[in-house]
Amino acid sequence: MNLIKIIAIIILTPLVGGLLTGFDRIISARLQGRQGPPLLQPFYDVLKLTEKESIEVNSMHRFFVYVSLVFVVFTTLIMLSGGDILLAIFALTLGSVFFVLGGYASNSPYNTIGSERELLQIMSYEPMVLLTCIGLYYAQKSFFIKDIISATKPSIIYLPGVFLGLVFVLTFKLRKSPFDLSMSHHGHQEIVKGITTEYSGKDLAVIEVTHWYEVIISLTLVYVFFATVAPISHVFAVIACLVVYLFEIIIDNSSARVKWQHALRSAWVVTGVMGTVNLLILSFF
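The residue count restarts for each chain, going from 1 along the sequence in the order it is written. Local features in this predicted model are restricted to residues whose pLDDT is 70 or higher, and side-chain atom pairs enter the listing and the counts only when it is 80 or higher, whereas totals over whole chains, interfaces and linings include all residues. Side-chain numbers come from the whole structure's heavy atoms, not from hydrogens or water.

Q: I keep staring at the overall build of the protein chain and nothing clicks. Help me out?
A: Regarding its fold elements, the protein chain presents 10 helices and zero strands. Starting at the N terminus, the α and β elements of the protein chain follow one another as α-α-α-α-α-α-α-α-α-α. Throughout, radius of gyration means the C-alpha value; the globule benchmark is 2.2 Å times the number of residues raised to the power 0.38. In terms of overall dimensions, the protein chain is globule-like: its C-alpha atoms have a radius of gyration of 19 Å, near the 19 Å expected for 285 residues. If you line up the protein chain on its principal axes, its C-alpha atoms span 55 × 45 × 40 Å. For the protein chain, the proportion of its 285 residues judged to be buried stands at 52%. The contacts of the protein chain with a sequence gap of at least 6 include a subset with a gap of at least 24, amounting to 76%. Areas reported here follow the Shrake-Rupley algorithm with a probe of radius 1.4 Å; residue values treat only the protein chains shown as occluding. Accessible surface computed for the protein chain: about 13,100 Å², of which carbon and sulfur atoms make up 72%. Under this rule, positive means Lys or Arg and negative means Asp or Glu; His and the chain ends count for nothing. Charge positions come from single atoms, namely NZ of Lys, CZ of Arg, CG of Asp or CD of Glu. Of the side-chain charges in the protein chain, 19 are positive and 18 negative, and the distance between the mean point of each set is 5 Å. Under the DSSP-based scheme used, a helix requires at least four consecutive residues in state H or I and a strand at least two consecutive residues in state E, with every element numbered from the N terminus. The buried label goes to any residue with under 20% of its type's maximum accessible area, the exposed label to any with over 50%, and the partly exposed label to all in between, with areas taken from a 1.4 Å probe on protein chains only. Any two residues having at least one pair of non-hydrogen atoms within 4.5 Å are treated as being in contact.

Q: Before we go on, may I ask you to explain the nonpolar core in this structure?
A: The nonpolar side chains of a soluble globular protein tend to be buried, and buried together. One finds I85, L159 and F225 to be the most contacted residues of the largest nonpolar core, which totals 69 residues. Per-element accounting of this core gives the leading share, 12 residues, to helix α8 (residues 201-223). Once residues lying within four places of it in the same chain are set aside, the contact partners of I85 are M79, C133, L136, F143, I145 and L221. Nonpolar cores were defined as sets of buried Ala, Val, Leu, Ile, Met, Phe, Trp, Tyr and Cys residues, with membership established by side-chain atoms within 4.5 Å.

Q: Explain helix α2 (residues 41-50) to me, please; I cannot follow it from the model alone.
A: Residues spaced three or four apart along an α-helix point in a common direction, a consequence of the helix completing one turn every 3.6 residues. By the burial criterion, the buried members of α2 are Q41, P42, F43, V46 and L49. Of the surrounding secondary structure, the elements contacted by the buried residues of α2 are α1 (3-31) and α8.

Q: Teacher, can you tell me more about the pattern of salt bridges here?
A: Proximity of charged atoms lets side chains of opposite charge pair with each other. Just to be clear on terms, a salt bridge is a Lys or Arg side-chain nitrogen sitting within 4 Å of an Asp or Glu carboxyl oxygen. All chains considered together, the criterion is met by five salt bridges. Between R25 and D45 there is a salt bridge, with the nearest N and O atoms lying 2.8 Å from each other. Here R25 is found in helix α1, whereas its partner D45 is found in helix α2, with 20 residues between them in sequence. The class of D45 is partly exposed, set by a relative accessible area of 28%. Its salt-bridge partner being K173, residue E214 comes within 3.5 Å of it at the nearest N-O pair. With E214 in helix α8 and K173 in helix α7 (residues 160-173), the pair connects residues that are 41 residues apart, well separated along the chain. Both residues of the pair, E214 and K173, count as buried.

Q: Would you mind showing me how to read the packing of aromatic side chains here?
A: Two rings belonging to Phe, Tyr or Trp (six-membered ring only in the last case) form a pair when the distance between their centres is within 6.5 Å. Interplanar angles under 30 degrees mark stacking, angles over 60 mark edge-to-face geometry, and anything in between is tilted. For the structure shown, the criterion picks out nine aromatic pairs. The interplanar angle of 10° and the centroid separation of 5.5 Å between the aromatic rings of F71 and F98 together place this pair among those described as stacked. Highlighted residues: F71 in helix α3 (residues 59-80) and F98 in helix α4 (residues 85-105), separated in sequence by 27 residues. The partly exposed category is assigned to F71, whose relative accessible area is 23%. For F98, a relative accessible area of 18% puts it in the buried group. Their ring planes at 0° and their centres at 4.3 Å tell us that F172 and F179 sit as a pair that is stacked. Here F172 matches F179 in class, with each residue buried.

Q: Would you mind showing me how to read the packing of α1 against helix α9 (residues 231-254) here?
A: Whenever a helix is involved, its axis is fitted only over the stretch in contact; in every case the axis is a line through C-alpha atoms, and angles between N-to-C directions fall within 0 to 180 degrees. At their nearest, the axes of α1 and α9 sit 10 Å apart, and the two run at 45° to each other. Here α1 is positioned oblique relative to α9, judged by the angle of their axes. Of the two elements, α1 crosses α9, and the hand of that crossing is right-handed. The segment α1 lies against α9, with L20, T21, F23, D24, I27, S28 and L31 engaging L242, Y245, L246, I249, I250 and N253. Here the term charged refers only to Asp, Glu, Lys and Arg, the term nonpolar to Ala, Val, Leu, Ile, Met, Phe, Trp, Tyr, Cys and Pro, and the term polar to all other amino acids, Gly among them. Classifying every residue of the contact of α1 with α9 gives nine nonpolar, three polar and one charged. Roughly parallel means an angle under 35 degrees; roughly antiparallel means over 145; roughly perpendicular covers 65 to 115; every other angle is labelled oblique. Handedness of each helix crossing follows the sense of rotation of the near helix against the far helix: counterclockwise by less than a right angle gives left-handed, clockwise gives right-handed.

Q: Can you help me understand the environment of F225 in this one?
A: Mapping F225 onto the fold places it in the loop between α8 and α9. Its relative accessible area of 0% is what places F225 among the buried residues. Ignoring any residue separated from it by four or fewer positions in sequence, one finds F225 in contact with T132, L136, P154, S155, I156, L159, V162, F163 and L166.

Q: What is the right way to read a nonpolar patch on the surface from this model?
A: By definition, no residue in a patch forms a salt bridge, and every one has over 30% relative accessible area; like charges are joined within 9 Å, nonpolar side chains (Val, Leu, Ile, Met, Phe, Trp, Tyr) within 5 Å. Judged by side-chain polarity, L19, F23, L31, L39, L40, Y44, L246 and I250 come together as a nonpolar surface patch covering roughly 660 Å² of accessible area. Here the nonpolar patch gets three residues from one element, more than from any other, and that element is α1. Note that Y44 resides in helix α2. Residue Y44 is classed as partly exposed on the basis of its relative accessible area of 44%.

See below:
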C-alpha cells in the first residue's frame, strides 16, 4: 500500500464517519420531533473541543486514549486496503482494551463503572465478530478482504444467519440503545458520561474521532457481505451499509437501555443460534 493511499484513508475515513454521525443526529432529532443540528455539527463540536483545556488526571489516563486511536487507525488501514480481516479484528479489540485501561487509570468511580461495562460489551460482541471472520473464510476460503469482495457470489448468500447476528452486535460497537452500556451520546445515562466522564478538551475530541473510525470499520464489515467482483455489487453494498446504519439509528431511538445481564445473555444467544447454526449448516453442505 503506497503512502498516498495511507494518507487518503487516514484523512477521509473520519470525514465520512463524521458526516454519518451528523446524519445520525439529524435523523434522531426528526424521530424525536426536533429540528436537530446541522449536518456538520459533529465537526464543529470536535473543533471546539480542541480549543478547550484538557484536564489531565494522570499521564496514563491520556496515554491509553491515544494508543487506542492508533490501533483503530491501524485497523481501518488493514480493512480498507483489503487486508487480513482477522488481524484487523484483533487490532480493533486491542484498541478497545487500551480504551478500557484509560478509564481505569482515572480512578474515578464513573469511569471505573464505565470501564467495567465496556469490558462486558467486548465480551458480548466479540464472539459474534470472530464468528463473522470464520464464516467469511468458510464461504470464500480467505481471510483477506480483497479476496472476499472479489468472489463471484456475495457472502450474504452463504451467511445470512451470521449477517443478522453481526447486525445485532453492531449495536454494541456503534454505541446505540439498548446496548449503550458504558457511554452514550445521549443524556440518559445514570453514570453521567460513563467511561469518558473524566475526559475533556483534546482528549474528548480524540475519543470522538476514534468513534468515527469505528463507525466506518463497523460498516465495512457489512460491506464485505454484499460486494463481489461485479462493479454494480459495490453500489448495492454501499446501499446495504446505509440501510443497516439507518436501522441502528431507528433502534437507538425506539428502545430503552437494558441491564448488562440481558445485553450479555442476548448477544451470546444470538451468537449461538444465528452464528453457530449458520456455520454448522455451511460446513455440512
